[in-house]
Structures are given as structure tokens and as C-alpha cells.
Amino acid sequence: MYALTILLRHHAKAVRGCAHGLVALLLAGCGGSNPLDNPPDVSNPANTSGQKLSFAYFQRCINPIFNTVLGNNTCAASGCHDDRDGTGGALRIVRSAQPIDVTNPANTPDVIRASEMYRNFYSAQGMTLLSSPPDSRLLTKPLVRGVLHGGGQIFSGDQDPNVRRILYWISNPAPQGQDEFSTATYNMFTPADPNVGTCNS
Ligand code: HEM
């Protein structure tokens, strides 16, 4: 032990040099940054590329499906997807939500986004997959297609008019860069009037 101390003291300069070399090697191995430093900030850009679904078509053609008795229940029934006492996972529906005249300039995006109907729209949109509409939970759950559903099978199959409407809604988002109130989505009605046009599907 004594001999080692003498040796180290004698070669202190060389030992220090080696240690520095070792740290430099370590730093080079870690891409030159100090491994003990904090990791670089994670960038999380806002999702601007995601297309939006049509609010006008939703409130006139999809929301009524949630209040229609299908089998023993409505989708928005309490114990199912009712906003207050539902057990239906993240799909939450306010039964009393009223349609909004989207052509009335007083109904600005901020006004509509504060409405009960918009809460239903937002919740239902969260159950959709724009990259593959038929695989959207809003369809696979009530069709019990490859998944179980607490409410059982609600829709009869692909030709069920409700299924055709939901698929049409998800497959026809607003044009890229436009929001959910885009008037381009009015062509989802015939005539292209969001207040009186019939729902295409
Ligand atoms: C058109 C009608 C309906 C639609 C579109 C629908 C859709 C859905 C969706 C998308 C989910 C998944 C939610 C999540 O991932 O968080 C779900 C779950 C659920 N639904 Fe429904 N549902 C309908 C009717 C019903 C009815 C009538 C009941 C009650 C009898 C019901 C009971 C439930 C329950 C308990 C769950 C949670 C368990 C699970 O994930 O399966 N649903 N439903």
C-alpha cells in the first residue's frame, strides 16, 4: 500500500492526465455533451396537421343517432354514455344539447365551442380515426367489431343507415388547414345548406 502511494504521488501528473483523457473519451462517446447534464428539451409542436371533422354535419346528422332508441337504450342513456352518470368510457353525450345555427354570424367559433353540442362533437370526434375511418371506435364498439362493447351490439352492420352516416362523417373531414366550421363541409348536405339540407351518406 505504501509503495502504491509513493508510486501515485510520483506519477500524479500522469494519473491526472489519464483521468482527463478518460473523461474526454467518455464525453466523445456521449456525442461531446456532458453526460451529467440535463437532457435536451423535448419539442412537442402543436398538432396543426390534424384535419377536423365537420361540426355542422355532426350536429344535424350524427348527434341525433345518440338520442335514438336502438335496441333497449339510447346511446346517451344514463348508465351508458350520459355526460353525468354514464359508464361508457370517454364517449360522453349531453342529451339536452341543442343544435346551433352555424350560418348566424352571432354564433362565432368561440360561442359554439362553449356549447353543449360542441362537447358532444368533441367527445365523438375523439372516438374517430381519420387515417382509417372503419377502424374508428365510434363504429367498432357499437358494431362489436374486433372489440367488446359494454353496451353490446347496437348497429346491425355496414348497411345500417347510422353506420353509413358515421362513416361518411369521418371520411369527409374539413379541407386541410380549415377548421371544423369550414363552409366547405356544407356540401355534405343536399342542397348544400347546413340548416335544411338532407344528410348525405
Ligand atoms: C350508438 C350508440 C353507441 C355508441 C356509438 C357507443 C360507442 C362507444 C364507444 C366509442 C366506447 C369506447 C369509449 C372509450 O374508448 O373510452 C363505448 C364504451 C362503452 N359503451 Fe357504448 N356506445 C353506444 C351505446 C351504448 C349503450 C346503449 C350502452 C349501455 C347500455 C353503452 C355502454 C358502454 C359502456 C359501459 C362502455 C365502456 C366499456 C367499453 O369500453 O366497452 N354504449 N361505447
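Quick look at the structure, then. (Residues numbered from 1 in each chain as written. Predicted model: local features only at pLDDT ≥ 70, side-chain atom pairs only at ≥ 80, totals over all residues. Heavy atoms only, no water.)

Quick notes on the pattern of salt bridges
Across all of its chains, the model carries six salt bridges by this definition. Between Arg95 and Asp82 there is a salt bridge; the shortest N-O distance is 3.0 Å. In this pair, Arg95 sits in the loop between α3 (55-66) and α4 (109-113) while Asp82 sits in the loop between α3 and α4, placing the two residues 13 residues apart along the sequence. Accessibility expressed as a relative area gives 2% for Asp82, which makes it buried. (Salt bridge = Lys/Arg side-chain N within 4 Å of Asp/Glu carboxyl O. Helix = DSSP H or I, 4+ residues; strand = E, 2+ residues; numbered from the N terminus. Buried < 20%, exposed > 50% of the residue type's maximum accessible area, 1.4 Å probe, protein only.)

Structural notes on the state of the cysteines
Applying the stated criterion across every chain yields a total of one disulfide. Sulfur-sulfur distance for the disulfide between Cys61 and Cys199 comes to 2.1 Å. Here Cys61 and Cys199 share a disulfide; its torsion about the S-S bond, -85°, makes the bridge left-handed. Here the residue Cys61 occupies a position in helix α3, and Cys199 occupies one in strand β2 (residues 198-199), the gap between them amounting to 138 residues. Here the two residues Cys61 and Cys199 agree in accessibility, since each one is buried. (Disulfide = S-S within 2.5 Å.)

Considering the coordination of the iron atom of the ligand
Surrounding the iron atom of the ligand are the protein donor atoms His81 (NE2) and His149 (NE2), which sit 2.0 Å from the metal. Geometry at the iron atom of the ligand is octahedral, judged from the six donor atoms that bind it and their angles of 87 to 177° at the metal. Separated by 68 residues along the polypeptide, His81 in the loop between α3 and α4 and His149 in the loop between α6 (137-140) and α7 (161-171) bring together distant segments of the chain. (Donors = N, O, S within 2.8 Å, 3.2 Å for Na, K, Ca; no water. Tetrahedral: all angles 85-135°; square planar, octahedral: opposite > 155°, others 65-115°.)

What about unusual backbone geometry?
Apart from glycine, the bulk of residues carry a negative phi angle, and the bulk of peptide bonds sit in the trans form. The omega torsion across Thr190 and Pro191 is -15°, close enough to zero to call that bond cis. Here Pro191 lies in the loop between β1 (189-190) and β2. With a phi close to 45°, Val144 is a non-glycine residue in the positive phi region. Structurally, the position occupied by Val144 is in the loop between α6 and α7.

Digging into the packing of α3 against helix α5 (residues 116-125)
Two measures define how a pair of helices packs: the angle their axes make with one another and the distance between the axes. Interhelical geometry of α3 versus α5 gives an angle of 85° and a closest axis separation of 10 Å. Compared by their axis directions, α3 and α5 come out roughly perpendicular. For the pair α3 and α5, contact is made by Phe55, Phe58, Gln59, Asn63 and Phe66 and by Met117, Tyr118, Asn120, Phe121 and Ala124, respectively. In terms of residue class, the contact of α3 with α5 is made up of seven nonpolar, three polar and no charged. (Axes fitted to C-alpha atoms, helices over the stretch in contact; angles between N-to-C directions. Parallel < 35°, antiparallel > 145°, perpendicular 65-115°, else oblique. Contact = heavy atoms within 4.5 Å. Nonpolar A, V, L, I, M, F, W, Y, C, P; charged D, E, K, R; others polar.)

Some thoughts on α3
The end-to-end C-alpha distance of α3, which contains 12 residues, comes to 15 Å, matching closely the 16 Å that a straight helix rising 1.5 Å per residue would cover. Within α3, 10 of the 12 residues are buried, which leaves the element mostly enclosed by the surrounding structure. Those residues of α3 that fall on the buried side of the exposure criterion are Phe55, Ala56, Tyr57, Phe58, Gln59, Cys61, Ile62, Asn63, Ile65 and Phe66. Those residues of α3 hidden inside the fold are in contact with α4, α5, α6, α7, β1 and β2. Sitting at the amino-terminal end of α3 is Ser54, which places a side-chain oxygen 3.4 Å from the backbone nitrogen of Ala56. (Expected span 1.5 Å × (residues − 1). Polar contact = N/O pair within 3.5 Å; in protein donor to acceptor, adjacent residues only side chain to side chain.)

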